Amino acid sequence: MQWRALVLGLVLLRLGLHAVLWLVFGLGPSMGFYQRFPLSFGFQRLRDPDGSGPVGPPGGPSWLHRPRRGTEGRLETPPGPGPGPGVCGPAHWGYALGGGGCGLDEYERRYSGAFPPQLRAQMRDLARGMFVFGYDNYMAHAFPQDELNPIYCRGRGPDLGDPSNLNINDVLGNYSLTLVDALDTLAIMGNSSEFQKAVKLVINTVSFDKDSTVQVFEATIRVLGSLLSAHRIITDSKQPFGDMTIEDYDNELLYMAHDLAVRLLPAFENTKTGIPYPRVNLKTGVPPDSNNETCTAGAGSLLVEFGILSRLLGDSTFEWVARRAVKALWNLRSNDTGLLGNVVNIQTGHWVGKQSGLGAGLDSFYEYLLKSYILFGEKEDLEMFNAAYQSIQSYLRRGREACNEGEGDPPLYVNVNMFSGQLMNTWIDSLQAFFPGLQVLIGDVEDAICLHAFYYAIWKRYGALPERYNWQLQAPDVLFYPLRPELVESTYLLYQATKNPFYLHVGMDILQSLEKYTKVKCGYATLHHVIDKSKEDRMESFFLSETCKYLYLLFDEENPVHKSGTRYMFTTEGHIISVDKRLRELPWKEFFSEDGERDQEEKFVHRPKSQELRVINSSSNCNRVPDERRYSLPLKSIYMRQIDQMVGLI
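Residues numbered from 1 in each chain as written. Predicted model: local features only at pLDDT ≥ 70, side-chain atom pairs only at ≥ 80, totals over all residues. Heavy atoms only, no water.

Because an α-helix packs 3.6 residues into every turn, residues spaced three or four apart end up facing the same way. For helix H16 (residues 435-442), the tally of buried residues reaches 8 of 8 residues, placing the bulk of the element in the interior. Taken together, the buried positions of H16 are Phe435, Pro436, Gly437, Leu438, Gln439, Val440, Leu441 and Ile442. Glycine 443, located one to two residues past H16, shows a positive phi value of around 95°. (Buried < 20%, exposed > 50% of the residue type's maximum accessible area, 1.4 Å probe, protein only. Helix = DSSP H or I, 4+ residues; strand = E, 2+ residues; numbered from the N terminus.)

The structure is reproduced here in structure tokens:
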């Protein structure tokens, strides 16, 4: 009997050791508040973000290793601890979202089902109600100031007492920002009476002759872009959103856009590289003590709005300066990796910030290379984008090649040194959540689906997306959430690409989280802390111009955006622009000689002076109606074909 007792004792000891290991190494239940959707990516913790210190077992997590090229040029992942093809486990996204990675877990059962039409209508109305609540309170308590403080129901303008408060002063210019930024959302939601009222208010009350120093990038994407979008909605002869025409409208919004752009032009002067200063005073130009350092996204994401303005006016000046800045930045990329840094000196061209990633400082630069090509058809924009995307895939993308099979961790895009491609840190920021949406536009839907799941997993854990998340520590580095739209935008575009009801469930989760955690007395407030849900008294204008808009469009299947036959594109601030052949024309081409039209350094060698304002009507639609079955076909080929059709047609 003694030997039986001994065997039993050994078995119990072994089970006890397993239990201890199970708990100590994080394989057991979460000890935090978010047990339902614990984030566990199945890799060892690291000592040093640059990889210099011990990193666990041989090979280590694949997110730490740069992918290498296989024999056929495809990305390969260094061998790691992940499961083989078709095997469930820590490398499966179901595991990351708390389902254990095998079979139909609770998570999959919840989200794989259909989304009833009644529920869709309810969510659409909830999204519209969210916009209306924020907009009405802004108009009641904040207009004509720039933003609404939704907790104390007051308006907010520039911080005149502290010019160094760039978080406020870069954005707020004393020009009723939230009203201007929300114009096309009113139209998309079919509220013609309020749209017409808002446009008249903007025309009658907004002026850019202000002693306000603003960031060129923010003024361009939020104000200039909205004015151009609303102008094209008003002048569209087909009026797909209902009657949005304005009685006696005489192109006032286009005049205002021109006035603002002229006030931004001094930023492009007196720079040795052609890269603009980051800030200008709308009345006096570049401040004497202006910073010579700017971020790549801020300087290189002006081409869409400036290009539209140039082509509507017949004046190449605005597109010329924006395109010169893009090419100047492009020429400063690393010869070894093809990557760009995030901060550059506009006088010397030296990289001050050598971090290359997809988030703050770089995000919209990549976005506008592709969107400029879609709008204007300039092949060099597509060539730059393709080269940039290849460098991103080669140096920033970590993890296995396929999302749901193969060895290694799920794909992730990390921050690296632009010259060496070596890992610089172990965090990502919330702005990177735009990238799955951009991947949808180029047809890389499979990778977009996988990357979106990573950001949604974080949202599920906190009910919001922290500004910065450390994927090594599996915890936020920066805890606030200012109602950003990037995850919603990617969710909307992925639903349009796949028609998978999963993304409707995602949108519903986001809507419910916003209602639960951010709604306050007079609007929706920034979350100061995504864990304890404490709030800051600020509702940024992009909440109405983007977050609410994308949520509404996600659930409004019958919206003219989806049904009118016109192809639309959204700017980086979510302003809608119809893609038509008018924007493919160069009204100023008669000014260029055949041999002197282009040179290798600058696209346009001739800069005609601003002409008398000349309006090109924007009512032209594409001649082909998109095939309604396109989203049920193989996704990758469909989206590339759709862009090819745009390019060939227009």
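Turning our eyes to something else, we now look at the UniProt feature "binding site: Ca(2+)" (unreviewed entry) in the chain. Feature annotation in UniProt assigns "binding site: Ca(2+)" (unreviewed entry) to the following positions: Thr572. Residue placement: threonine 572 occurs in the loop between strand S21 (568-570) and strand S22 (576-578). Take threonine 572: its relative accessible area is 15%, and that puts it in the buried class. Beyond its immediate stretch of four places on either side in the chain, threonine 572 contacts Ile221, Ser364, Glu367, Tyr368 and Glu546. Engagement of the side chain of threonine 572 in a polar contact is seen with the side chain of glutamate 367, the distance being 2.8 Å. (UniProt positions renumbered as here; feature names shortened; annotations may be inferred. Contact = heavy atoms within 4.5 Å. Polar contact = N/O pair within 3.5 Å; in protein donor to acceptor, adjacent residues only side chain to side chain.)

Moving on, we get to the UniProt feature "active site" (unreviewed entry) in the chain. What UniProt calls "active site" (unreviewed entry) maps, in this numbering, to Glu218, Asp363, Glu467 and Glu486. Among the structural elements, glutamate 218 can be located in helix H9 (residues 216-234). Those residues in contact with glutamate 218, other than ones at most four positions away along the chain, are Asp170, Val171 and Val223. Within the secondary structure, glutamate 467 is located in the loop between helix H17 (445-462) and strand S15 (468-470).

Strand order in this open sheet of 3 strands is S14-S15-S16, and the pairing throughout is antiparallel. The open sheet terminates on both sides in strands that have one partner only, identified here as strand S14 (427-429) and strand S16 (475-478). In this sheet, neighbouring strand axes are inclined to one another by 35° on average, regardless of whether the strands run parallel or antiparallel. Sheet topology places S14 next to S15; 3 bridges connect them, and they run antiparallel. What sits directly across from aspartate 429, in S15, is arginine 468. Strands in contact with H17 are S14, S15 and S16; relative to S14, the strand with the most contacts, it is inclined by about 85°. (Pairing = 2+ DSSP bridges. Axes fitted to C-alpha atoms, helices over the stretch in contact; angles between N-to-C directions.)

We now examine the packing of helix H8 (residues 192-205) against helix H10 (residues 252-264). Interhelical geometry of H8 versus H10 gives an angle of 45° and a closest axis separation of 10 Å. Between H8 and H10, the interaxial angle falls into the category oblique. For the pair H8 and H10, the sense of crossing is left-handed. Across the interface between the two elements, Val199, Val202 and Ile203 of H8 pack against Glu252, Leu253 and Met256 of H10. In terms of residue class, the contact of H8 with H10 is made up of 5 nonpolar, no polar and 1 charged. (Parallel < 35°, antiparallel > 145°, perpendicular 65-115°, else oblique. Left-handed = near helix turned anticlockwise from the far one by under 90°. Nonpolar A, V, L, I, M, F, W, Y, C, P; charged D, E, K, R; others polar.)

Now for the environment of glutamate 467. Residue classification places glutamate 467 among the buried positions, given a relative accessible area of 13%. Sequence-wise, glutamate 467 and aspartate 429 are 38 residues apart; in three dimensions their C-alpha atoms are separated by 5.5 Å. Leave out the neighbours within four places in its chain, and glutamate 467 touches Ile428, Asp429, Ser430, Val478, Phe480, Pro482 and Arg484.

Turning our attention to the state of the cysteines. Working definition of a disulfide: a covalent bond connecting the sulfur atoms of two cysteines. Per the counting criterion, the structure on display carries 1 disulfide. Across the disulfide from cysteine 153 sits cysteine 522; the S-S distance is 1.9 Å. An S-S torsion of about 85° defines the bridge between cysteine 153 and cysteine 522 as right-handed. Here cysteine 522 lies in the loop between strand S17 (519-520) and strand S18 (523-524) and cysteine 153 lies in the loop between strand S3 (147-149) and strand S4 (154-156), a separation of 369 residues in the sequence. Here cysteine 153 falls in the buried class, since its relative accessible area comes to 16%. A relative accessible area of 3% means that cysteine 522 is categorised as buried. (Disulfide = S-S within 2.5 Å.)

For any two helices packed against each other, one specifies the crossing angle of their axes together with the interaxial distance. In the contact formed by helix H15 (residues 379-396) and H16, the axes pass within 13 Å of each other and the chain directions differ by 125°. Relative to H16, the element H15 lies oblique. Here H15 runs over H16; the crossing is left-handed. Side by side, H15 and H16 meet where Phe385, Tyr389, Ile392 and Gln393 of the first sit next to Phe435, Leu438, Gln439 and Ile442 of the second.

Turning next to the sheet that holds strand S8 (residues 343-345). Here we have 3 strands laid out as an open sheet, ordered S7-S8-S9, and antiparallel in their pairing. Of all strands in the sheet, those bounded by a partner on one side alone are strand S7 (293-295) and strand S9 (351-353). Pairs of neighbouring strands in the sheet enclose a mean axial angle of 35°, with direction left out of account. Inspection of the sheet shows S7 paired to S8 by 3 bridges, in the antiparallel sense. Looking at S8, one finds that cysteine 295 is bridged to valine 343.

With 13 residues, H10 should cover 18 Å at 1.5 Å per step; its first-to-last C-alpha distance of 19 Å lies within 8% of that length. Contact partners of the buried residues in H10: H8, H9, strand S6 (279-281), helix H12 (303-313) and helix H13 (317-331). (Expected span 1.5 Å × (residues − 1).)

Let us now look at the packing of aromatic side chains. According to the stated counting rule, one finds 22 aromatic pairs in the structure shown. Look at tyrosine 389 and phenylalanine 435: their rings are 6.1 Å apart centre to centre, the planes differ by 25°, and that puts the pair in the stacked class. Taken as a pair, tyrosine 389 in helix H15 and phenylalanine 435 in helix H16 lie far apart in primary sequence, 46 residues in all. Residue classification places tyrosine 389 among the buried positions, given a relative accessible area of 13%. Residue phenylalanine 435 is classed as buried on the basis of its relative accessible area, which comes to 1%. Three or more aromatic residues joined by ring pairs make a cluster, and in this case those are Phe385, Tyr389, Tyr413, Phe434 and Phe435. Over the face of the ring belonging to tryptophan 427 we find arginine 468, whose NZ or CZ atom lies 3.6 Å from the ring centre. When the ring centre of tyrosine 517 is taken as reference, the NZ or CZ atom of lysine 533 above it lies at 4.6 Å. (Phe/Tyr/Trp six-rings, centres within 6.5 Å; stacked < 30°, edge-to-face > 60°. Lys NZ or Arg CZ within 6 Å of the ring centre and 35° of its normal.)

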